[in-house]
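Below, each chain spelled out in residue letters.
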Amino acid sequence: QVQLVESGGGSVQTGGSLRLSCVVSRYAPSIARMAWFRQAPGKEREGVASIFLHTKETTYADSAKGRFTISQDTANNTLLLQMNSLPPEETGVYLCAAGGLSGDWAAPLYYHYWGQGTRVTVSS
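Below is a short write-up of the structure. (Residues numbered from 1 in each chain as written. Predicted model: local features only at pLDDT ≥ 70, side-chain atom pairs only at ≥ 80, totals over all residues. Heavy atoms only, no water.)

Observations regarding the environment of M83
The criterion, for reference: Under the DSSP-based scheme used, a helix requires at least four consecutive residues in state H or I and a strand at least two consecutive residues in state E, with every element numbered from the N terminus. Only protein chains enter the area calculation, which uses a 1.4 Å probe; residues under 20% of their type maximum are buried, those over 50% are exposed, and those in between are partly exposed. What makes two residues a contact is simply this: any of their non-hydrogen atoms within 4.5 Å.
Among the secondary structure elements, M83 is positioned in strand β8 (residues 78–83). The class for M83 is buried, based on a relative accessible area of 0%. Spatially, the C-alpha atom of M83 lies 25 Å from that of V2, the residues being 81 residues apart in sequence. For M83, the contacting residues outside a window of four places in its chain are G16, S17, L18, L20, R67, F68, Y94 and V120.

Some thoughts on the sheet that holds strand β1 (residues 4–7)
Put simply, the test is: Here, any two strands with at least 2 DSSP bridges between them count as paired. Comment: axis = line fitted to C-alpha atoms, over the contacting stretch for helices; angle = value between 0 and 180 degrees taken between N-to-C directions.
Strand order in the open sheet formed by four strands is β1-β3-β8-β7, with antiparallel pairing between adjacent strands. Because the sheet does not close on itself, it has two edges, and the strands there are β1 and β7 (68–73). Shown here is a sheet whose adjacent strand axes are inclined to one another by a mean of 15 degrees, direction ignored.

What about the nonpolar core?
What counts, and what does not: To form a nonpolar core, buried Ala, Val, Leu, Ile, Met, Phe, Trp, Tyr and Cys residues must be joined to one another through side-chain atoms within 4.5 Å.
Formed by 28 residues in total, the largest nonpolar core has its most connected members in M34, W36, L81 and M83. Those elements giving two or more residues to this core turn out to be β3 (18–24), β4 (33–39), β5 (46–52), β7, β8, β9 (92–99) and β11 (118–123). Sorting elements by how many residues they give to this core places β3 first, with four residues. Ranked by size, the runner-up nonpolar core spans six residues in total, among them F37, A61, A97 and W105.

Comments concerning unusual backbone geometry
A positive phi is found at N77, a non-glycine position, where the angle reads about 50 degrees. Among the secondary structure elements, N77 is positioned in the loop between β7 and β8.

Quick look at the packing of aromatic side chains
Convention followed: Aromatic pairs are defined between Phe, Tyr and Trp rings, using the six-membered ring for Trp, whenever the two ring centres lie within 6.5 Å; interplanar angles under 30 degrees are classed as stacked, those over 60 as edge-to-face, and all others as tilted.
Scanning the model with the defined rule gives three aromatic pairs in all. Where F37 meets Y111, the ring centres are 5.2 Å apart and the plane angle is 80 degrees; that geometry is what we call edge-to-face. Pair noted here: F37 is in strand β4 and Y111 is in strand β10 (residues 111–114), with a separation of 74 residues, a long-range link. Like Y111, F37 is buried. Among the residues examined, F37 registers a relative accessible area of 0% and is labelled buried. Through pairs of rings, three or more aromatic residues link up here, namely F37, Y111 and W114.

This is how it looks when you write it as structure tokens:
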């Protein structure tokens, strides 16, 4: 059973930073890519960043480029997301996801495993 457990959320002011973590219980053979998504109140779940586990190739949403960094701590089976210069509109629940190689990296449909999420609140 693959389980994803996020942590690191909290409350920050505009311009603040947070580092999110996602501990992976085990890597199933089908898992080739992991990603972070954001679920804002009243909005659809949107992809923030993804990483291919074997090549370490990363992809970011346009809004995240230059401010967010996704990385993998293989020694501790942990996916990380460093977020800097946060604005209030990036408030939401951040979820860790794991899936295969195919499909649009930002489409939730292509991810088989999900964590429960960690809440991020950015105040103005």
